[in-house]
Amino acid sequence: MALKKEPEKHANHERWLVSYADFITLLFAVFVTMYAMSQTDKKKVEEVAASMRESFGYSTQAAAGQKGVLQSQDIKPIPAIKPEMAVIPMVNKMPPAGPRQGGMDKGRGKGKAEEKEFKEIQSAIEAYLIKHGAQNKVSIGITRRGLVVSLKEAGFFDSGSAVIKPAGYQLLNTILEVMTEYSNPLRVEGHTDNIPINTPVFPSNWELSVSRATNVLRYLQKNYNVEPGKLSATGYGEFRPTTENTTTEGRAKNRRVDIVLLSGDAEQGEP
């Protein structure tokens, strides 16, 4: 008996759909993986940004009142931040916008400041200036005499006036708050440019520089109760410039009041 032949199978022309579906599935998995990786990196960037804001004294809370990227107890200063920045909280307390009312309690001092403390104060004030965009109003440096904070005329005085501008009190309070933490003597020194002045109040730059220095000194002593014997003021007129008076920018730098936190060696030279 002859065997029954099975009918011949027709060729399947749609098998390519299986391979195509596998390809689409794998492609989808690749894009999902890449998206997940990008979100992880974004979170890391936000964490680093939050850590930097915390190190410079900014709040880690979102502007809309939501929780920040990191909880405050988890934030640690990133390695790029100098150790000296640990004193920043000292200047983060917002001082009054206007003149202080009444002096502070005596006995604030932490003892004598020397080079290490000078660097800490410098870092703290510079961080505050950067945070509030006030770098053009104050300059600060350390010399053999001690820590020198220069109040530029544009931020604290009107031209030809020795009266401290109301807008300058907040920044001045912040600076004095840090400097008077220590028991070093303080000298306030007034300087001008070489443009002559001749008014009924200030016949020359001598009188203007002295008046500005003594006004800052009186404000300091009245509101921070520094021992009077540790304070002094002087005016140098145009005769101790920091740069040439030949340009507008140079003259602006020379118009200043320097507050000097004297070092131990410089103190020995005081009367």
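Residues numbered from 1 in each chain as written. Predicted model: local features only at pLDDT ≥ 70, side-chain atom pairs only at ≥ 80, totals over all residues. Heavy atoms only, no water.

Right, let's talk about the overall build of the chain for a bit. Helix and strand counts for the chain stand at eight helices and five strands. Listing each helix as α and each strand as β along the chain from the N terminus yields α-α-α-β-β-α-α-β-α-β-α-β-α. Residues counted as buried form 38% of the 271 residues belonging to the chain. Long-range pairs, those at least 24 residues apart, make up 71% of the contacts in the chain between residues at least 6 apart in sequence. For the chain, the accessible surface area stands at approximately 17,000 Å², while carbon and sulfur atoms represent 57% of it. (Helix = DSSP H or I, 4+ residues; strand = E, 2+ residues; numbered from the N terminus. Buried < 20%, exposed > 50% of the residue type's maximum accessible area, 1.4 Å probe, protein only. Contact = heavy atoms within 4.5 Å. Areas by Shrake-Rupley, 256 points an atom, 1.4 Å probe, with all protein chains shown as cover.)

Opposite charge on two side chains permits them to pair, given that their charged atoms come into close proximity. Inspection of the entire model under this criterion finds nine salt bridges. Notably, a salt bridge pairs Glu 189 with Arg 187, separated by 4.0 Å at the nearest N-O pair. Given the relative accessible area of 2%, Glu 189 is considered buried. A residue is classified by how much of its surface remains accessible, and Arg 187, at 17% relative accessible area, is buried. Overlapping salt bridges, with partners in common, bring together Glu 153, Asp 193, Arg 212 and Arg 255 in one network. (Salt bridge = Lys/Arg side-chain N within 4 Å of Asp/Glu carboxyl O.)

This next bit is on the environment of Val 148. Structurally, the position occupied by Val 148 is in strand β2 (residues 146-152). Using a relative accessible area of 13% as the deciding quantity, one classes Val 148 as buried. Sequence spacing of Val 148 and Leu 186 is 38 residues, and the spatial spacing of their C-alpha atoms is 9.9 Å. Those residues in contact with Val 148 that lie beyond four places of it in its chain are Ser 139, Ile 140, Gly 141, Thr 143, Asp 258, Ile 259 and Val 260.

Let's shift gears to the environment of Gly 264. Structurally, Gly 264 can be placed in helix α8 (residues 264-268). Residue classification places Gly 264 among the buried positions, given a relative accessible area of 19%. Placed 152 residues apart in sequence, Gly 264 and Lys 112 show a C-alpha to C-alpha distance of 8.0 Å.

Our focus in this paragraph is the sheet that holds strand β5 (residues 256-262). Strand pairing within a sheet occurs via backbone hydrogen bonds; the two strands may be parallel or antiparallel. Ordered by their spatial adjacency, five strands build an open sheet running β1-β2-β5-β3-β4, and the pairing between neighbours is mixed. Edge positions in the sheet fall to β1 (138-143) and β4 (231-235), since each has one partner strand and no second. For this sheet, the mean angle separating the axes of adjacent strands, direction not counted, is 20°. As paired strands, β2 and β5 are joined by seven bridges and run antiparallel to one another. Counted as the bridge partner of Leu 147 is Leu 261 from β5. (Pairing = 2+ DSSP bridges. Axes fitted to C-alpha atoms, helices over the stretch in contact; angles between N-to-C directions.)

Attention now goes to unusual backbone geometry. Positive phi values are uncommon outside glycine, yet Asn 225 reaches one of about 50°. Inspection of the secondary structure puts Asn 225 in the loop between α6 (205-224) and β4.

Next up on the list: the packing of helix α3 (residues 115-131) against helix α5 (residues 169-179). Look at α3 against α5: their axes get within 10 Å of each other, and the N-to-C directions meet at 160°. Judged by the inter-axis angle, α3 sits roughly antiparallel to α5. For the element pair α3 and α5, the recorded crossing hand is right-handed. Counted together, Ile 121, Ile 125, Tyr 128 and Leu 129 of α3 and Gln 170, Leu 171, Thr 174, Ile 175 and Val 178 of α5 form the full contact between these two elements. Taken together, the residues of the contact of α3 with α5 sort by class into seven nonpolar, two polar and no charged. (Parallel < 35°, antiparallel > 145°, perpendicular 65-115°, else oblique. Left-handed = near helix turned anticlockwise from the far one by under 90°. Nonpolar A, V, L, I, M, F, W, Y, C, P; charged D, E, K, R; others polar.)

Put simply, α5 and α6 touch, their axes get as near as 12 Å, and they point 65° apart. Here the hand of the crossing between α5 and α6 comes out right-handed. Between α5 and α6, the residues in contact are Tyr 169, Leu 172, Asn 173, Leu 176 and Glu 177 and Tyr 219, Leu 220 and Tyr 224, respectively. Of the residues contributing to the contact of α5 with α6, the split by class is six nonpolar, one polar and one charged.

Let us look at the pairing of strand β3 (residues 186-191). Here β3 lies mainly inside the structure; six of its six residues are buried. The β-α-β motif built from β3, the intervening α6 and the parallel element β4 has right-handed crossover chirality. Sheet topology places β3 next to β5; six bridges connect them, and they run antiparallel. What sits directly across from His 191, in β5, is Arg 256. (Right-handed = clockwise from strand over helix to strand, strands pointing away.)

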